[in-house]
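# Close look at the chain arrangement
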Amino acid sequence: MQVRHVLLLLAALAFGEGRAADPQAKPGAYDPALAAQAGGDENGMRQYVLVILRTGPTRVPDGEARKAMFAGHFANMERLSKAGKLVLAGPFGDKDVDWRGLFVFAVADIEEAKALVATDPVIIQGEMVAEYHSWYGSAATVLLPGLHQRIVRSP
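Now for a quick tour of the structure. The structure displayed is predicted, hence computed values, not measured ones. (Residues numbered from 1 in each chain as written. Predicted model: local features only at pLDDT ≥ 70, side-chain atom pairs only at ≥ 80, totals over all residues. Heavy atoms only, no water.)

On to the overall build of the protein. The secondary structure content of the protein amounts to 6 helices and 4 strands. Counting from the amino terminus, the protein carries its helices and strands in the arrangement α-α-β-α-β-β-α-α-β-α. For the protein, the share of sequence-separated contacts (at least 6 apart) that also reach a separation of at least 24 residues comes to 75%. Summing over all exposed atoms, the protein offers an accessible surface of approximately 9200 Å²; the carbon and sulfur share of this is 58%. (Helix = DSSP H or I, 4+ residues; strand = E, 2+ residues; numbered from the N terminus. Contact = heavy atoms within 4.5 Å. Areas by Shrake-Rupley, 256 points an atom, 1.4 Å probe, with all protein chains shown as cover.)

Here we take up helix H6 (residues 144-151). Since the α-helix turns once every 3.6 residues, residues separated by three or four places project in the same direction. Turning to H6, its buried residues number three or more, namely Leu144, Pro145 and Leu147. Across the axial projection of H6, the buried residues extend over an arc of 160°, all falling on one side. More than 90 degrees from the buried face of H6, the exposed residues found are Gln149 and Arg150. (Buried < 20%, exposed > 50% of the residue type's maximum accessible area, 1.4 Å probe, protein only. Arc of directions from axis to C-beta.)

A word on the packing of aromatic side chains. Within this structure, the stated rule accounts for 3 aromatic pairs. Look at Phe92 and Trp99: their rings are 5.4 Å apart centre to centre, the planes differ by 55°, and that puts the pair in the tilted class. For Phe92, a relative accessible area of 13% corresponds to the buried category. Arranged with centres 5.5 Å apart and planes meeting at 70°, the rings of Phe103 and Phe105 form a pair that is edge-to-face. (Phe/Tyr/Trp six-rings, centres within 6.5 Å; stacked < 30°, edge-to-face > 60°.)

For the structure shown, the criterion picks out 10 salt bridges. For Asp98, the salt bridge identified is with Arg54, shortest N-O distance 2.9 Å. Taken together, the positions of Asp98 in the loop between strand S2 (86-91) and strand S3 (99-105) and Arg54 in strand S1 (residues 45-55) put the pair 44 residues apart, joining distant regions of the chain. The class for Arg54 is partly exposed, based on a relative accessible area of 24%. Between Lys82 and Glu78 there is a salt bridge, and its shortest N-O distance comes to 3.6 Å. Remark: Glu78 and Lys82 occur in helix H3 (residues 64-82); sequence separation between them is 4 residues, near one turn of the helix. When salt bridges that share partners are traced, they join Arg59, Asp62, Arg66, Arg100 and Glu127 into one network. (Salt bridge = Lys/Arg side-chain N within 4 Å of Asp/Glu carboxyl O.)

Reading across from one edge, S2-S3-S1-S4 is the order of the 4 strands in this open sheet, with antiparallel pairing throughout. The sheet is open, and its two borders are formed by S2 and strand S4 (128-138), each paired with just one other strand. For this sheet, the mean angle separating the axes of adjacent strands, direction not counted, is 20°. Against the sheet, helix H4 (residues 110-117) makes contact with S1, S3 and S4, and its axis sits at roughly 135° relative to S4, the strand it touches most. (Pairing = 2+ DSSP bridges. Axes fitted to C-alpha atoms, helices over the stretch in contact; angles between N-to-C directions.)

Here Gly56 lies in the loop between S1 and H3. Here the alpha-carbon distance between Gly56 and Ala130, two residues 74 residues apart in the chain, equals 8.6 Å. The residues contacting Gly56, other than those within four sequence positions of it, are Gly126, Glu127, Met128 and Val129.

Okay, the nonpolar core next. With 19 residues, the main nonpolar core has Tyr48, Leu50, Ile52, Val87, Leu102, Val104 and Val142 as its most contacted residues. For this core, the secondary structure elements donating two or more residues are helix H2 (32-38), S1, S2, S3 and H6. Within the second largest apolar cluster, 17 residues are counted, among which are Val60, Leu80, Phe103 and Leu116. (Core = buried A, V, L, I, M, F, W, Y, C linked by side-chain atoms within 4.5 Å.)

As a further point, take H3. For H3, built from 19 residues, the straight-helix expectation of 27 Å at 1.5 Å per residue is met to within 8% by its first-to-last C-alpha distance of 27 Å. Regarding H3, the residues found buried are Arg66, Met69, Phe70, His73, Asn76, Met77 and Leu80. For H3, the buried positions fall inside an angular range of 115° around the axis, keeping them on one side. Facing away from the buried surface of H3 by more than 90 degrees, the exposed residues are Glu64, Lys67, Phe74 and Lys82. In this structure, the buried side of H3 is in contact with S1, S2, S3, H4, helix H5 (121-124) and S4. Backbone geometry just downstream of H3 places Gly84 in the positive-phi region, at approximately 80°. (Expected span 1.5 Å × (residues − 1).)

Right under this line is the structure:
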């Protein structure tokens, strides 16, 4: 999967999900409160950093250390999402390529994204490495974490 395909997918997700936050909103009706909440420009867009997680040089062996590393990875993603920095994340399904997953950060620049990614156990331990790309996309993308919480069945 190429970066441009991922970006097209992200744009489709963001534009398709953004209006679902307000069931009273009419399709195509401008919602100034929602626009302000999302932090978009006059085109409803904003800057993000897209991070592609790829297979790293050091595979952590199966066992307790690997389980702990991934538990820390998920806890770190949860922390960054609650802080309003991580707005989209998930794994790729292609098992035969080295692309493992992606992050989309609502941050000003790549340097800030690098600092956030550096806190992740999969990066610290070398299981994965990160590739960074600036992305200008729908401001509605920042609304995805709140929408996601509304559709997850808690155990």
